[in-house]
Amino acid sequence: MSTGTATTESPVHDHAHGHDHGHDHGHSHAPAPATTDEPAGPVNLTAKAAEKVREIRTEENIEADYALRVKVQGGGCSGFSYDLYFDQVQEVDQSFDIHGVKVICDQMSLMYLMGTEIDYVEGMHGAGFKFNNPNVKSTCGCGSSFSV
């Protein structure tokens, strides 16, 4: 068991089917608050993570009205685990636009995710999304769950 910031990795699951209607993610001349790695809300995506999410959305033909859901669920050897998948917005969701990616999160998950930065990392042991969560007290040896 290690202590400190969690750095667990999670794949993005495709819970949606359909066609991508495409969006122009070009740069505009108007100031855009999500052009740096500055936090855009309680949960943040790095530019690299946002780029990978857009790539997955295109490859999987995810419909434009689906957003990236960031979720904390019970389970794993340390009590909680992360999940990322494309989903439709629900009335109870908080919604954030980060680097051109619409991110949604339910209220319960948001309590555990405040201040979390999600990055996309590639290394010798594979590639995946890494959660840097300042609220985590410990993670398990497998790296896929955490406790607060």
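Residues numbered from 1 in each chain as written. Predicted model: local features only at pLDDT ≥ 70, side-chain atom pairs only at ≥ 80, totals over all residues. Heavy atoms only, no water.

If you trace the backbone, serine 109 turns up in helix α2 (residues 107-113). A polar atom in the side chain of serine 109 sits 2.9 Å from the backbone nitrogen of valine 72. Those residues in contact with serine 109 that lie beyond four places of it in its chain are Val70, Lys71 and Val72. (Helix = DSSP H or I, 4+ residues; strand = E, 2+ residues; numbered from the N terminus. Polar contact = N/O pair within 3.5 Å; in protein donor to acceptor, adjacent residues only side chain to side chain. Contact = heavy atoms within 4.5 Å.)

This part is about the confidence of the model for the chain. Per-residue confidence for the chain averages 76 on the pLDDT scale, and 64% of its residues sit at or above 70. Mean pLDDT values over the elements of the chain span from 40, in strand β1 (residues 2-3), up to 97, in helix α1 (residues 47-59). Below pLDDT 50 for its whole length, residues 1-8 participates in 28 contacts with residues either more than four positions away or in separate chains. (pLDDT = per-residue confidence, 0-100.)

Let us now look at the nonpolar core. One finds Leu45, Ile118 and Phe129 to be the most contacted residues of the largest nonpolar core, which totals 28 residues. In this view, leucine 45 contacts Ala50, Leu68, Ile98, His99, Val101, Val103 and Ile118; residues no more than four positions away in its chain are not counted. (Core = buried A, V, L, I, M, F, W, Y, C linked by side-chain atoms within 4.5 Å. Buried < 20%, exposed > 50% of the residue type's maximum accessible area, 1.4 Å probe, protein only.)

In this sheet, strand β8 (residues 101-105) lies alongside strand β7 (residues 94-98) in antiparallel orientation, the contact comprising five bridges. Bridge pairing in β8 links glutamine 94 to cysteine 105. Joining the antiparallel neighbours β7 and β8 is a turn of two residues, in which histidine 99 adopts a positive phi near 50°. (Pairing = 2+ DSSP bridges.)

Before going further, it helps to examine the packing of aromatic side chains. Across all of its chains, the model carries three aromatic pairs by this definition. Between phenylalanine 80 and tyrosine 112, the ring centres sit 4.6 Å apart and the planes meet at 40°, which makes this aromatic pair tilted. Residue phenylalanine 80 is found in strand β6 (residues 80-88), and its partner tyrosine 112 is found in helix α2; the two are separated by 32 residues along the sequence. Tyrosine 112 shares its class with phenylalanine 80; the two are buried. Both rings, one in tyrosine 82 and one in phenylalanine 131, keep their centres 3.9 Å apart while their planes meet at 5°; by these two values the pair is stacked. Remark: phenylalanine 131 occurs in strand β10 (residues 126-133) and tyrosine 82 occurs in strand β6; sequence separation between them is 49 residues. With relative accessibility at 7%, the residue tyrosine 82 sits in the buried group. (Phe/Tyr/Trp six-rings, centres within 6.5 Å; stacked < 30°, edge-to-face > 60°.)

Let's shift gears to the pattern of salt bridges. When charged atoms on two side chains of opposite charge get close, those side chains can pair. Following the criterion strictly, the structure yields four salt bridges and no others. With a closest N to O distance of 3.6 Å, glutamate 122 and lysine 48 form a salt bridge. Of this pair, glutamate 122 sits in strand β9 (residues 116-123) while lysine 48 sits in helix α1, placing them 74 residues apart in sequence. With relative accessibility at 41%, the residue lysine 48 sits in the partly exposed group. (Salt bridge = Lys/Arg side-chain N within 4 Å of Asp/Glu carboxyl O.)

The subject of this paragraph is the side chain of aspartate 93. Mapped onto the fold, aspartate 93 is located in the loop between β6 and β7. A distance of 2.7 Å separates a polar atom in the side chain of aspartate 93 from a polar atom in the side chain of arginine 69. From its side chain, aspartate 93 meets the backbone nitrogen of glutamine 90 in a polar contact 2.8 Å long. For aspartate 93, the residues in contact, after removing those within four places along its chain, are Arg69, Gln88, Ile104, Cys105 and Asp106.

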